[in-house]
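Coordinate analysis (summary)
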Amino acid sequence: MLVQMDLVRIIISEINDQQVIFLREVEGERSFPILIGLFEATSIDRRVKGETPPRPLTHDLLKNAIEQLGGEVQDVVINSLQEHTYFAAIRVRQEGELTEIDSRPSDAIALAVHYDPHLPIYVDESVLEQVA
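Conventions adopted
Throughout this document, residue positions are counted from 1 along each chain, in the order its sequence is written. Owing to the predicted nature of the model, reporting of local features is limited to residues with pLDDT of at least 70; listing and counting of side-chain atom pairs is limited to 80 or more, with chain, interface and lining totals taken over all residues. To obtain the side-chain values, all non-hydrogen atoms of the structure were used and water was disregarded. For this analysis, a ring pair means two rings from Phe, Tyr or Trp (six-membered ring only for Trp) whose centres lie within 6.5 Å, classed as stacked if their planes differ by under 30 degrees, edge-to-face if by over 60, and tilted for the remaining angles. In this analysis the charged atom, NZ for Lys or CZ for Arg, is taken to sit over a ring once it is within 6 Å of the ring centre and within 35 degrees of the ring normal. Note on conventions: DSSP H or I runs of at least 4 residues are helices, E runs of at least 2 residues are strands, and numbering of each starts at the N terminus. Note on classification: 1.4 Å probe, protein chains only; a residue is buried when its accessible area is under 20% of the maximum for its type, exposed when over 50%, partly exposed between these limits. Think of a polar contact as two N or O atoms within 3.5 Å of one another; within protein, one of them needs to be a possible hydrogen donor and the other a possible acceptor, and neighboring residues in sequence only count if both atoms come from side chains. Here, residues are in contact when the closest pair of their heavy atoms is within 4.5 Å. Directions are taken from the helix axis to each C-beta atom, and the arc is the one they span.

This brings us to the packing of aromatic side chains. Summed over all chains, the structure comprises 1 aromatic pair. Between the NZ or CZ atom of K63 and the centre of the ring of Y115, over which it lies, the distance is 4.8 Å.

Here's what the structure looks like:
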């Protein structure tokens, strides 16, 4: 079962290699952190603040490529946790077919916040059970 989550906090530290984002259940109390890289954290933070770069960056490129090829990103899903590493999928609908593209959660979430409104972020119940 998939549980919808909100991105509720971004912590960016210039002295650490790992940045942190926090997801919280939309209709519940569960939340958890994910460690991500500085580039992804900065990309997420910029978009959450409504800042648009003058030229497309990596996540803009991904969004534009999917759209130009006739796809529509439906949502992102954090679907697995293995040996302290999260796995995710970007779900793209094209010509009635749903395709799941393997992704790091940080890139999937960065893509999700590039849309207005932001795309839904889901976490598999099994992942939430592991992090509880």
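Text resumes after the structure shown.
If you trace the backbone, E25 turns up in strand β2 (residues 19-25). Look at E25 and you get buried, because its relative accessible area is 12%. At a separation of 3.5 Å, a polar atom in the side chain of E25 contacts the main-chain amide nitrogen of E29. Apart from residues no more than four positions distant in its own chain, E25 is found in contact with V3, Q4, M5 and R30.

The next point concerns helix α2 (residues 58-68). Regarding α2, the residues found buried are H59, D60, K63 and I66. Viewed end-on, α2 has its buried residues packed into an arc of 135 degrees, placing them on one side of the element. Exposed residues pointing more than 90 degrees away from the buried face of α2 are listed as L61 and Q68. On its buried face, α2 sits against α1 (38-48), β4 (72-82), β5 (85-94) and α3 (105-112). In the segment just after α2, G70 is the residue with positive phi, at about 85 degrees.

Inspection of the secondary structure assignment puts L128 in helix α4 (residues 125-131). Judged by relative accessible area, L128 falls into the buried class, the value being 2%. Between the C-alpha atom of L128 and that of D17, which follows or precedes it by 111 residues, the distance is 25 Å.

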